[in-house]
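Per-entry structural report
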Amino acid sequence: MIDRVSFTSDNLDLKAVSGNGQSPCNSHDHYDVAVKRVPPGIFPAIPVDRRSERPLYRQLYDGYREAILDRRLRPGQRLPSTRALATELRISRLPVLQAFDQLLAEGYCESRVGAGTFVSSSLPDQRPTPVARGAPAEPPGRPRRRTVSRRSSLVLRAGPDPWLAGRGAFRMSQAAVDLFPFRIWSGLVARHGRDPRVALLHYGSAMGHRPFREAVAAYLRTARAVRCEADQIMVVSGSQQALDLTARVLLDPGSRVWVEEPGYGGARDALAMAGARLVPVPVDDEGLDVAAGIALCPRARAAYVTPSHQYPLGATLSASRRLQLLDWAERSGAFLIEDDYDSEYRYDSPPVAALQGLDRASRVIYIGTFSKVLYPALRLGYLVIPEDLVDRFAAVRDALDIFPPTFHQSVLTDFLTEGHFTRHVRRMRLLYRERREALVNALGKELGDTLTVRGGEAGMHLVATLAEGHRDRQISLRAARKRLWAMPLSSCYLGEPTLQGLVLGYGGTDVAGIRDGVRRLRAVIR
Ligand SMILES: Cc1ncc(COP(=O)(O)O)c(C=O)c1O
């Protein structure tokens, strides 16, 4: 912002002209000029000992030089003004000026007229050679210096999967963020930003912001047939944190947990990190095969399920399987972790009611998220916790991150209670239905003899299983080279895959992009 003020030079950009129309030449003097505020540099952690025999200017010079050579300060990074640094260190400005002059003279720093002093951008890049992720930190044969947890190795991967490397056609979990009502949203953000309530700036409840929990509970009771009160709602940073918390509360190392096969890797990771032993239970057109689960592991501590829209195959857990599952949980004392991640989007019939609503024995931990229905970077989700476990969840949450950030909870409360959420979901449902239809039709036209579509009734992705003889991983790798982000179905299996196919997201790609993507996919497959 340009404004006209009288100032001392610290942290101000002297680009504009002084009163007599000439550029200021000594940035340490006072000027009356048009100025642009520039951000102050960060004060580096350089120890200064006033009692040392080493002169102060030398200590500063050495400290800065070392920080630059160590790359703690990077080329192009702004240094604080000499005045601010002297004030911060509570020393006279003279040694600071001397140290800076020497750094400038030796080329470690450069000054830009009107902008301040920066680490020289022409210094050679002495970045240490990076060690590849997952690679041994030291040459083989030598003893490892660091011992780290085995659990962290369970989730460490060599790098992101190639089909998750970019955005565009078929990338999973992409919402149509370009159509999010940002005008309305930013109005609400401004409303809460302008007038922050002091009480909301202090530490809050581990369960989350009360008005938001009331709004979520009302929504879940009405739209998802969840039996809950606001007291049972815990606000979390998306389903992933909900899964992590649930695993910490319910499981001990070695606890056995049913997971759907194929299933959601994010849930498997969270459960494995808590030390769970995962029991893959097959899925068919009715969802989780409960009888198979009981045969495999009747005494499991918990089961993770996606009853409304099985991830990734898309089945809805049938009524008889729901009752069977609840009955098993009640009889065996197991918990059911219900992940209801995208149930708002069902296209050919009304949304399926949540499993939690049928539970009479408080066995279900219900998890929901705003990642799909609004946008994932919001990082807001919720848990519905059985009443007798609320205190335990709250205590564990308190030990982890104390409580969730309040600001966007307040914004979203208004978004929910003022009707914007319902309108947005209705609009998105129509849009995604159109995109799904475009994808199904294009797949039928271009690849009907190679791919069979399944699970397109709901959500923002579908699965296209491959005809005999095709390997999904090879196709996905080739597709990624063409910037098509088709996830191989086999990557969703814990054990040996029984199906080969592609998991295709369509939420974030418009109809033209979908048609073009399918044509390009055909070229990849053929
Ligand atoms: C099965 C499933 N659950 C949950 C999520 C959402 O995770 P989060 O709420 O942490 O963004 C996803 C996102 O891809 C998912 O596929």
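What you see is a predicted model, and the numbers here were worked out from it, not measured in a lab.

Overview of the environment of Y61
- Counting through the fold element by element, Y61 comes out in helix α1 (residues 56-69).
- Judged by its relative accessible area of 4%, Y61 is buried.
- Along the backbone, Y61 and P95 are 34 residues apart, and their C-alpha atoms lie at a distance of 9.2 Å.
- The contacts of Y61, once residues within four sequence positions are left out, are A99, Q102, L103, E106 and Y108.

Focus: the pattern of salt bridges
- Throughout the structure, instances matching the rule amount to 22 salt bridges.
- E446 serves as the salt-bridge partner of R522, at 3.2 Å between the closest nitrogen and oxygen. Placement of R522 in helix α15 (residues 511-525) and of E446 in helix α13 (residues 420-447) is noted, with a sequence separation of 76 residues between them.
- Connected via shared salt-bridge partners are R54, R58 and D62.

Regarding the sheet that holds strand β12 (residues 364-369)
- Read across the open sheet, the eight strands follow the order β6-β13-β12-β11-β10-β7-β8-β9; overall the sheet is mixed. Looking at which strands have only one partner, the edges of the open sheet turn out to be β6 (233-236) and β9 (287-288).
- Running over the sheet, helix α7 (residues 239-250) touches β6, β10 (302-305), β11 (335-340), β12 and β13 (381-384) and is turned about 160° from β12.
- Of the strands in this sheet, β7 (256-261), β8 (277-284), β10 and β11 touch helix α8 (residues 265-273), which is tilted by about 165° from β7.

A closer look at the environment of A247
- For A247, the position within the fold is in helix α7.
- Between the C-alpha atom of A247 and that of I337, which follows or precedes it by 90 residues, the distance is 9.4 Å.
- Those residues in contact with A247, other than ones at most four positions away along the chain, are A270, L271 and A274.

About the cut-offs
- Just so you know, the residues in each chain are numbered from 1, in the order the chain's sequence is written.
- Only residues with pLDDT of 70 or above have their local features reported here, since the model is predicted, and side-chain atom pairs are shown and tallied only from 80 upward, although totals for entire chains, interfaces and linings are computed over all residues.
- For side-chain calculations, the full set of non-hydrogen atoms in the structure is used, while hydrogens and water are omitted.
- Strands are runs of DSSP state E lasting at least 2 residues, helices are runs of H or I lasting at least 4, and numbering of each runs from the N terminus.
- Three exposure classes are used, based on accessible area relative to the maximum for each residue type with a 1.4 Å probe and protein chains only: buried under 20%, partly exposed in between, and exposed over 50%.
- Residues are treated as being in contact if the distance between any of their heavy atoms lies within 4.5 Å.
- Salt bridges are counted wherever a side-chain nitrogen of Lys or Arg sits within 4 Å of a carboxyl oxygen of Asp or Glu.
- The pairing criterion for strands is at least two bridges between them, as found by DSSP.
- Helix axes are fitted only over the stretch in contact, all axes being lines through C-alpha atoms; the angle between N-to-C directions runs from 0 to 180 degrees.

Keep in mind these numbers describe shape, not what the thing actually does.
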